[in-house]
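Chain by chain, the residues:
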Amino acid sequence: MLVESGSSIAPPVVAVMVVHGSGDHDMPWFDEVLAGVKAQDYANLKSLVLIAGEPGDLPERVRAGLPRAFVRAVDGNPGFGPAANDVLRLVEGDNGFFCFLHDDVELRPDAIRLLVEELYRSNAGVVGPKLLEWDQPRVLQHVGFAVDRFGEVDPIVEPGETDQEQHDAVRDVFALPSACLLVRADLFRSLGGFDDTISFHGEDVDLCWRAHLSGARVIVVPAAEARHRERLTVRRADLPHESLRARHRIRSVVALTGARRLPLVLAELVVVTTVQFVLALFAGQAARGWAGLRALGGLVPRIGSLLGRRRSLAAGRLVPDREVVGLQVRGSARVS
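Residues numbered from 1 in each chain as written. Predicted model: local features only at pLDDT ≥ 70, side-chain atom pairs only at ≥ 80, totals over all residues. Heavy atoms only, no water.

Enquirer: What is the right way to look at the pattern of salt bridges in this model?
Expert: Pairing is possible between side chains of opposite charge, provided their charged atoms come close. With the rule as written, the count across this model stands at 25 salt bridges. One salt bridge connects R113 with D41, and the closest N-O pair in it is separated by 3.2 Å. Of this pair, R113 sits in helix 5 (residues 111-122) while D41 sits in the loop between helix 1 (30-38) and strand 2 (45-52), and the two are 72 residues apart along the sequence. The class for D41 is partly exposed, based on a relative accessible area of 38%. One salt bridge connects R189 with D94, and the closest N-O pair in it is separated by 3.0 Å. Of the two residues, R189 is situated in helix 6 (residues 185-191) and D94 in the loop between helix 4 (87-90) and strand 4 (97-101); the sequence distance between them amounts to 95 residues. Using a relative accessible area of 25% as the deciding quantity, one classes R189 as partly exposed. Accessibility expressed as a relative area gives 43% for D94, which makes it partly exposed. Because the salt bridges share partners, they merge into one network encompassing R108, K130, D163, D168 and E225. (Salt bridge = Lys/Arg side-chain N within 4 Å of Asp/Glu carboxyl O. Helix = DSSP H or I, 4+ residues; strand = E, 2+ residues; numbered from the N terminus. Buried < 20%, exposed > 50% of the residue type's maximum accessible area, 1.4 Å probe, protein only.)

Enquirer: What am I meant to see in the pairing of strand 1 (residues 13-20) here?
Expert: Of all the eight residues making up strand 1, eight are buried; the element is thus mostly covered by neighbouring parts of the structure. Neither face of strand 1 is exposed, since V13, A15, M17 and V19 on one face and V14, V16, V18 and H20 on the opposite face are all buried. Alignment of strand 1 against strand 2, held across eight bridges, turns out to be parallel. Across the sheet, the residue bridging to M17 is V49, located in strand 2. Of the pairings in the sheet, the one linking strand 1 to strand 4 comprises five bridges and is parallel in character. From the neighbouring strand, A15 faces strand 4, where its bridge partner is C99. (Pairing = 2+ DSSP bridges.)

Structure representation (structure tokens):
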């Protein structure tokens, strides 16, 4: 057991960082990431660092940068979500919060404290900070996501948009990037954690969608800030990123859409995917278009597992599907 239930000064927060030991082995930014966690001014914070892939000298660097952190190895490199789920067996109790972090996110010293305060103030289940570009911290990266009924992400900020406090209002969003997520521990356990079948790309939208179905609010807290490198496609050039995005997106749509709406959404998904394929060809993005078609065709051999997941999630559907639909973007974000 790493963290006991209960609280002393403040509700306990466990910062759960998944470190990928492959790709950029040097990881020159990593010491700054660890320093950001160490500098947090939250009174009751513990750190759990999960190292996936080839560890190299990462355990020693973690112990040097975060001497009080618990360091554990993860078998293989299953992806962010499956690795982060280890917190469910390593940490006991439903009190407090889990703050999930990528290994390339540097938190401002007050970030976790501000996230916890706003979570209580807004009675939310999942909260996240304003994410800024690593090399240009005055440029916005993400302030949450809008998502349509086909699981497509509609970025709230424009590429290269300068932070001029135009997105500094606390507000509900459909999803938050998994780069930094503060989640109530009891909610995370009741949701069963991240979807173990999603290795990379889409674990955040899937988790937040299920949080909405359970009645929890998902909120972005722009007062809390963090820098994020967001270089997965470079670090893991061996992965079929477009295929993973499309496969996990469509799987989440089929698993999480309400039963009454599912036939219509599937029919629309076929039409929209076909249109996207044609548009992708003209835009010189054939790989992206083919990825969507392959993901759609891949539903057929996975019907059994998808039906099983829908059954397993049925008990957690506490909010009518129409209310969740009301939180989503109308139309197709990709086609628009």
